[in-house]
Amino acid sequence: MAMGYEPIKAYADEKHLRMNIGNAEKFEDPDPDNDDDDDKEISHLALQISEPTIANKGEEGPLIPTSNSRHLPLNRQQLQQQPQQAQQRLASLDVFRGLTIVLMILVDDLGGLLPTINHSPWNGLTLADYVMPFFLFIVGVSLGLTYKRASCRVTATRKVVLRALKLLMLGLFLQGGFFHGVNNLTYGVDIQQMRLMGILQRIAVAYLVAAMCEIWLKGDDHVKSELTLLRKYQFQWVAALVLTIIYISLLYGLYVPNWEYQIPDATSSSAPKIFSVKCGVRGDTGPACNAVGMIDRKILGIQHLYRKPVFVRTMQCSINSPDYGPLPSDAPTWCQAPFDPEGLLSSAMAIVTCMVGLHYGHIIVHFKDHRNRIRLWLITSSTFLVLGLALDIFGMHVNKALYTFSYMCVTAGAAGFLFAGIYLLVDIFKYRRMALVLEWMGKHALIIYVLVACNIVPIVMLGFYWKQPQNNILSLIGMGT
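This text gives an overview of the structure that appears in the document.

Analysis parameters
Residues numbered from 1 in each chain as written. Predicted model: local features only at pLDDT ≥ 70, side-chain atom pairs only at ≥ 80, totals over all residues. Heavy atoms only, no water. Helix = DSSP H or I, 4+ residues; strand = E, 2+ residues; numbered from the N terminus. Contact = heavy atoms within 4.5 Å. Areas by Shrake-Rupley, 256 points an atom, 1.4 Å probe, with all protein chains shown as cover. Disulfide = S-S within 2.5 Å. Buried < 20%, exposed > 50% of the residue type's maximum accessible area, 1.4 Å probe, protein only. Polar contact = N/O pair within 3.5 Å; in protein donor to acceptor, adjacent residues only side chain to side chain. Pairing = 2+ DSSP bridges. Phe/Tyr/Trp six-rings, centres within 6.5 Å; stacked < 30°, edge-to-face > 60°. Lys NZ or Arg CZ within 6 Å of the ring centre and 35° of its normal. Salt bridge = Lys/Arg side-chain N within 4 Å of Asp/Glu carboxyl O.

Tallying secondary structure elements over the protein gives 17 helices and six strands in all. Contacts in the protein between residues at least 24 apart in sequence constitute 74% of all its contacts with a sequence separation of at least 6. Summing over all exposed atoms, the protein offers an accessible surface of approximately 22600 Å²; the carbon and sulfur share of this is 62%.

Laid out in structure tokens, this is it:
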């Protein structure tokens, strides 16, 4: 999932460099959605903005600041480096993205064997619950670098909309039910039963909204300090605050009435079984009667929701909890109900995670000193982490399925800490060789996700067998039936 910045050349002589005037740097954009048209457009823009004039002095920071002074001590030199003109790329962001891909594959493959790393059945936080917010955070950081200068807002908007639609359609194709999973050579989906939301669909929505904010909702202020940084992007913070208020108001304010659903009887051809769920409450955050599920049932339709929600692994719904298992004899009626963890209302907080990532990208753009960047990242990360944990203690539980505000804070804070650590190791202390595999995976994250996480490769391998479908390649290596 890597998108590329076109190189930006700095035409400055030695005198200009000593004055720190020629700060435009040659770099690549680490965002995933690169195309040739964007490269040509940004390259043309680069030639216009890279002249080392006084007006540009200290205005926009590069991706990787390095020192132009040979008289500083080593430790200070590494932390107070200035921009150089060599071609650069924010390797730490690629490594972070690659690490998230590895984490996703790990929890997908081992989550069934180790339920403790699988998604939390409801409240709480496990290793798997960090994957989605990490991706959203990375998208936000990339957007802050991609659209720091837009020659034409209308053109940029059109490209953002097209990219979001492509990602949305890809998500519908991969996660809408067209493929029937490993060990099943059939395919196709009834449009009336297609799942409408999913991981890629949520990323597409968050990308679209965050990109629109980055293109249209930023001021012309010259950033000289943390205060002017907040002032320049104040309307983006207002948008994030509005989304948070709307989410919290609907989650705790909407009345959830009784509802029912039906599932087909697998043992006979008789009419589907109908289950009634008693609610009649307001502000409930349990699996059955929360406003997130109600909004999805009303707007998307219950037949378009995810049919294997995580709450089937709760103690009420599984005798093997926190693993999957048979229903207890006294299981509540909602245990087999569809519920989408990537639903509409919960996506509001996913957008906020993406916008938090935008803030980290803005720090890269406007602050050249390594120590300033890390200091600001750690302050922001600590604030979010402490706030999220405090909210969890006082009753707003950390919950991935609902994407609660406390969950957003904790995971965004964790993403910020991890990103700062990777940046310190990879881009400052230059331990890049040790992370080359992760960096490569980060540059090709989308194709890896499509081929591996969506089971495209296993499904294709199942299609080649000897005489009987059971004699396939996967069965030879112990993965098939």
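According to the stated counting rule, one finds two disulfides in the structure shown. Shown here is the disulfide that connects Cys 279 with Cys 289, its sulfur atoms set 2.1 Å apart. Where Cys 279 bonds to Cys 289 through sulfur, the torsion about that S-S bond is close to -85°, and the disulfide is left-handed. Of this pair, Cys 279 sits in the loop between β5 (273-277) and β6 (281-282) while Cys 289 sits in the loop between β6 and α10 (291-299); the two residues are 10 residues apart in sequence, bridging distant segments of the chain. Pair check on accessibility: Cys 279 and Cys 289 agree, each one buried. Here Cys 317 engages in a disulfide with Cys 335; their sulfurs sit 1.9 Å apart. Taking the torsion about the S-S bond as the criterion, the Cys 317 to Cys 335 disulfide, at about -80°, is left-handed. Taken together, the positions of Cys 317 in the loop between α10 and α11 (346-366) and Cys 335 in the loop between α10 and α11 put the pair 18 residues apart, joining distant regions of the chain. For Cys 335, a relative accessible area of 3% translates into the label buried.

This part covers the side chain of Gln 201. Assignment of secondary structure puts Gln 201 in helix α7 (residues 199-216). Within the structure, Gln 201 has its side chain in polar contact with the backbone oxygen of Gly 171 (distance 3.5 Å). For Gln 201, the side chain forms a polar contact with the main-chain oxygen of Leu 196, separated by 3.3 Å. Gln 201 has contacts with Leu 168, Gly 171, Leu 172, Gln 175, Arg 195 and Leu 196, leaving out every residue within four places of it along the chain.

Before going further, it helps to spend a moment on the pairing of strand β4 (residues 259-263). Side chains Trp 259, Tyr 261 and Ile 263 of β4 all project onto a buried face; the interleaved residues Glu 260 and Gln 262 project onto a face where none is buried. Of the strand pairs in this sheet, β4 and β5 are connected by five bridges, and their pairing is antiparallel. Looking at the pairing, Trp 259 lines up with Val 277 of β5.

The relative placement of two aromatic rings is captured by the distance of their centres and the angle of their planes. All chains considered together, the criterion is met by 16 aromatic pairs. Taking the centre distance of 6.2 Å and the plane angle of 20° together, the rings of Phe 96 and Phe 419 count as stacked. Placement of Phe 96 in helix α4 (residues 91-110) and of Phe 419 in helix α13 (residues 405-428) is noted, with a sequence separation of 323 residues between them. Of the two residues examined, Phe 96 and Phe 419, each falls in the buried class. Between the aromatic rings of Tyr 360 and Trp 377, the centroid separation amounts to 6.4 Å while the plane-to-plane angle is 20°, which identifies the pairing as stacked. One end of the pair, Tyr 360, is in helix α11; the other, Trp 377, is in helix α12 (residues 370-393), and 17 residues separate them in sequence. Put simply, the rings of Phe 96, Tyr 130, Phe 134, Phe 137, Tyr 360, Trp 377, Phe 419 and Tyr 423 pair up and form one aromatic cluster. Over the ring of Tyr 233 we find Lys 232, and its NZ or CZ is 5.8 Å from the ring centre. Stacked on the ring of Trp 259, the Lys or Arg Arg 297 has its end atom at 3.7 Å from the ring centre.

In this section: the pattern of salt bridges. For the coordinates displayed, the defined rule picks out nine salt bridges. Put simply, Arg 375 and Glu 226 hold a salt bridge, and the shortest N to O gap is 2.7 Å. Note that Arg 375 is positioned in helix α12 and Glu 226 in helix α8 (residues 226-232), a separation of 149 residues in sequence. Among the residues examined, Glu 226 registers a relative accessible area of 30% and is labelled partly exposed.

All we've got here are geometric facts, nothing functional implied.
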